[in-house]
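# Structural features, examined
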Amino acid sequence: MKLSAHQTLLPGADLSERFQRAVECGLDGIELAFGRRARVYDLHAEIEAATAASGLPVGSICGTYEGPIIHPDPAERESRLADLIRTLEFADAIGARGVILVPIFSSTFMPEMSPPMPDLSPFADEDALITQLLLALLAEAIERADGGAAVYLEPLNRYEASYLNTVGKAADLCRAADHKRIQLMADLFHMNIEEADIPASLRAVAPHLGHVHLADSQRWLPGHGPTDFVSAFRALREIDFDGWLALECMPTPGDPLDNMRACVKYLRRCWDRAEPE
């Protein structure tokens, strides 16, 4: 079990302090998450200093600065594609396994990030148009970004995205892309909303599963809600999942360090209990 967390879940005046808090809490690594607050590749020196001082690796990068690569404006698409390519190259430079990508948000959820796509019926409905465009952009990103860092396609729940909601749909995209660096990410928070059977869904997408996000049902740290992590972990162990499990959560009531220490212990107990028979 390789367990990481967003650095934002840990208190500290700078990255080095946050990485050190992660060590104290028993985490194995960090998932970098800055969003539109900073371009991760512009913080290369600070990130390298934090990893060197703490001994913790960066396992993954959550998102890019400019956001989803599906956009109706060609110039905006190219800018976002270039940002993804630079982030993939940076992931390789610091040893991270991959970069998480939401292809497009719902235009009602984040209209500034993902304005509506044009209706080209009867040539193509919105879903078909996005799929064709996404596959072309992913192929270009992989061709232009040297190295081995993967793109992790992230399904979101129906309230945040109207295009990609299930891990099964993400697996279909991985098969269509037909490249080992195009993988999917399973987020247990979103799966709690969209999947009828989380363990079965994880088993079904095993060949394409590269990364997992952990949060409880209300998006607090695991252990604060009803999500059955043991059954999900048992499925992961049965498929020999060897990627990172990263905590991506909302602020949880209580002291952040106490909460994180308790969460790490809870998840490791769940993992041990999930040993296949």
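Here, the structure is the one placed above.
Residues numbered from 1 in each chain as written. Predicted model: local features only at pLDDT ≥ 70, side-chain atom pairs only at ≥ 80, totals over all residues. Heavy atoms only, no water.

Attention now goes to the environment of Q7. Counting through the fold element by element, Q7 comes out in the loop between strand 1 (2-6) and helix 1 (15-25). When sequence neighbours within four positions are dropped, the list of residues in contact with Q7 reads L15, R18, I30, E31, L32, A33 and F34. Within the local environment of Q7, its side chain forms a polar contact with the backbone oxygen of A33, the two atoms lying 2.8 Å apart. (Helix = DSSP H or I, 4+ residues; strand = E, 2+ residues; numbered from the N terminus. Contact = heavy atoms within 4.5 Å. Polar contact = N/O pair within 3.5 Å; in protein donor to acceptor, adjacent residues only side chain to side chain.)

With their axes 8 Å apart at the nearest point, helix 8 (residues 229-238) and helix 9 (residues 256-273) run at an angle of 55° to one another. Considering their axes alone, helix 8 and helix 9 lie oblique with respect to each other. Pair helix 8 / helix 9 crosses with right-handed handedness. Facing F229, V230, F233, R234, L236 and R237 of helix 8, the residues of helix 9 in contact are Y266, L267, C270, W271, D272 and R273. Across the contact of helix 8 with helix 9, the residue classes tally to eight nonpolar, no polar and four charged. (Axes fitted to C-alpha atoms, helices over the stretch in contact; angles between N-to-C directions. Parallel < 35°, antiparallel > 145°, perpendicular 65-115°, else oblique. Left-handed = near helix turned anticlockwise from the far one by under 90°. Nonpolar A, V, L, I, M, F, W, Y, C, P; charged D, E, K, R; others polar.)

A word on the nonpolar core. L32, L214, F233, L247 and M260 are the most contacted members of the largest nonpolar core, which has 85 residues in total. Top element by residues in this core is helix 4 (residues 126-144). It accounts for eight residues. L247 has contacts with L3, S4, A5, H6, L9, L27, L214, L221, P222, M260, C263 and L267, leaving out every residue within four places of it along the chain. In this structure, A33, C62, I100 and A150 belong to the second largest nonpolar core, which totals six residues. (Core = buried A, V, L, I, M, F, W, Y, C linked by side-chain atoms within 4.5 Å. Buried < 20%, exposed > 50% of the residue type's maximum accessible area, 1.4 Å probe, protein only.)

Moving on: the state of the cysteines. What the rule picks out here adds up to zero disulfides. Left without a disulfide partner, C62 is nearest to the cysteine sulfur of C249, which lies 11 Å away. (Disulfide = S-S within 2.5 Å.)

Let's shift gears to the sheet that holds strand 2 (residues 29-32). Read around the barrel, eight strands follow the order 1-2-3-4-5-6-7-8 and close on themselves; strand pairing throughout is parallel. Adjacent strand axes in the sheet meet at a mean angle of 30° when their direction is disregarded. In the sheet, strand 5 (residues 150-153) pairs with strand 6 (residues 182-187) via three bridges, with the strands oriented parallel. Among the inter-strand pairings, Y152 is bridged to a residue of strand 6, identified as Q183. (Pairing = 2+ DSSP bridges.)

The end-to-end C-alpha distance of helix 9 is 26 Å, a good match for the 26 Å that 18 residues give at a rise of 1.5 Å each. Listing the buried residues of helix 9 in full gives L257, N259, M260, C263, V264, L267, C270 and W271. All buried residues of helix 9 project into a common sector of 155° when viewed along the axis, lining one side. In helix 9, those exposed residues whose orientation departs by more than 90 degrees from the buried face are K265, D272 and R273. On the buried face of helix 9, the contacting elements are strand 1, helix 1, strand 7 (209-214), helix 8 and strand 8 (244-247). Here helix 9 starts with a cap whose side-chain oxygen sits 3.1 Å from the backbone nitrogen of L257, and that cap is D255. (Expected span 1.5 Å × (residues − 1). Arc of directions from axis to C-beta.)

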